[in-house]
Amino acid sequence: MASNYNIGIYMTYVLALALSCMYFDKKFTLRTAVVGYVCLVAGVYFRSGNATLMEGDTRIKWFTGYIMGYTIEYIAMSAVFISLSKRARRLLAFEEVRKISDTLLQISLQKEA
């Protein structure tokens, strides 16, 4: 849909990145961010072919202007989602350690009784 000039889809590219956070893996989220950015650049490039250009404007200028704006937004959103997946992984690891220690404590209390 982003290849159609009349449809304004901007941050739908971040949807895959947001869904990758459900795996709680920083590396996977980073890979998804890279692949999503490549798809974003390809979509904007194909869209630039249908763009209505102003007088004195070229397809490359239009592409460069749009891709710079998208890049800034995508980097910001990638940083947020990568940080989120990293923190979620730490939280899950902490909870797992806490459950194990609680279980060991219960076992040791049962042996004493």
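Anyway, here's the lowdown on the structure attached to this text. (Residues numbered from 1 in each chain as written. Predicted model: local features only at pLDDT ≥ 70, side-chain atom pairs only at ≥ 80, totals over all residues. Heavy atoms only, no water.)

**Section: the side chain of T29**
So, point 1. The topology assignment puts T29 in helix α2 (residues 26-48).
So, point 2. With near-sequence residues (within four places) excluded, T29 lies in contact with L17, S20, C21, F81, I82 and S85. (Helix = DSSP H or I, 4+ residues; strand = E, 2+ residues; numbered from the N terminus. Contact = heavy atoms within 4.5 Å.)

**What about the packing of α2 against helix α3 (residues 59-112)?**
So, point 1. For the pair α2 and α3, interaxial distance at closest approach is 10 Å and the crossing angle is 165 degrees. Considered as vectors, α2 and α3 are oriented roughly antiparallel to each other. The chirality of how α2 crosses α3 is right-handed. (Axes fitted to C-alpha atoms, helices over the stretch in contact; angles between N-to-C directions. Parallel < 35°, antiparallel > 145°, perpendicular 65-115°, else oblique. Left-handed = near helix turned anticlockwise from the far one by under 90°.)

**Topic: the pattern of salt bridges**
Side-chain pairs of opposite charge can arise where the charged atoms are in close proximity.
So, point 1. Evaluation of the coordinates by the stated rule reveals two salt bridges.
So, point 2. Linking E95 and R98 is a salt bridge whose minimum nitrogen-to-oxygen distance equals 2.8 Å. One end of the pair is E95 and the other is R98, both in helix α3 and three residues apart, which spans about a single turn.
So, point 3. Its relative accessible area of 27% is what places E95 among the partly exposed residues.
So, point 4. The class of R98 is partly exposed, set by a relative accessible area of 36%.
So, point 5. The salt bridge partner of R98 is D102, with a shortest N-O separation of 3.3 Å. A residue pair is termed a helical-turn pair when its members lie 3 or 4 positions apart in one helix, as R98 and D102 do in helix α3 at four residues.
So, point 6. The exposure class of D102 is partly exposed, given its relative accessible area of 35%. (Salt bridge = Lys/Arg side-chain N within 4 Å of Asp/Glu carboxyl O. Buried < 20%, exposed > 50% of the residue type's maximum accessible area, 1.4 Å probe, protein only.)

**Points about a nonpolar patch on the surface**
So, point 1. Taken together, L15, L19 and M22 make up a surface patch of nonpolar side chains, about 330 Å² in accessible area.
So, point 2. Here M22 is to be found in the loop between α1 (14-20) and α2.
So, point 3. For M22, a relative accessible area of 59% gives the class exposed. (Patch = residues over 30% accessible without salt bridge, like charges linked within 9 Å, V, L, I, M, F, W, Y side chains within 5 Å. Areas by Shrake-Rupley, 256 points an atom, 1.4 Å probe, with all protein chains shown as cover.)

**Remarks on α2**
So, point 1. Relative to the 33 Å expected for 23 residues at 1.5 Å per residue, α2 spans 33 Å between its end C-alpha atoms, a close match to the ideal helical length.
So, point 2. Considered for burial, the residues of α2 that qualify are T29, T32, A33, G36, L40, G43, V44, R47 and S48.
So, point 3. Considering only its buried residues, α2 is in contact with α1 and α3.
So, point 4. Backbone nitrogen of K27 and a side-chain oxygen of the N-cap are separated by 3.4 Å at the start of α2; the cap is D25. (Expected span 1.5 Å × (residues − 1). Polar contact = N/O pair within 3.5 Å; in protein donor to acceptor, adjacent residues only side chain to side chain.)

These results come straight from atomic positions and should not be treated as a statement about function.
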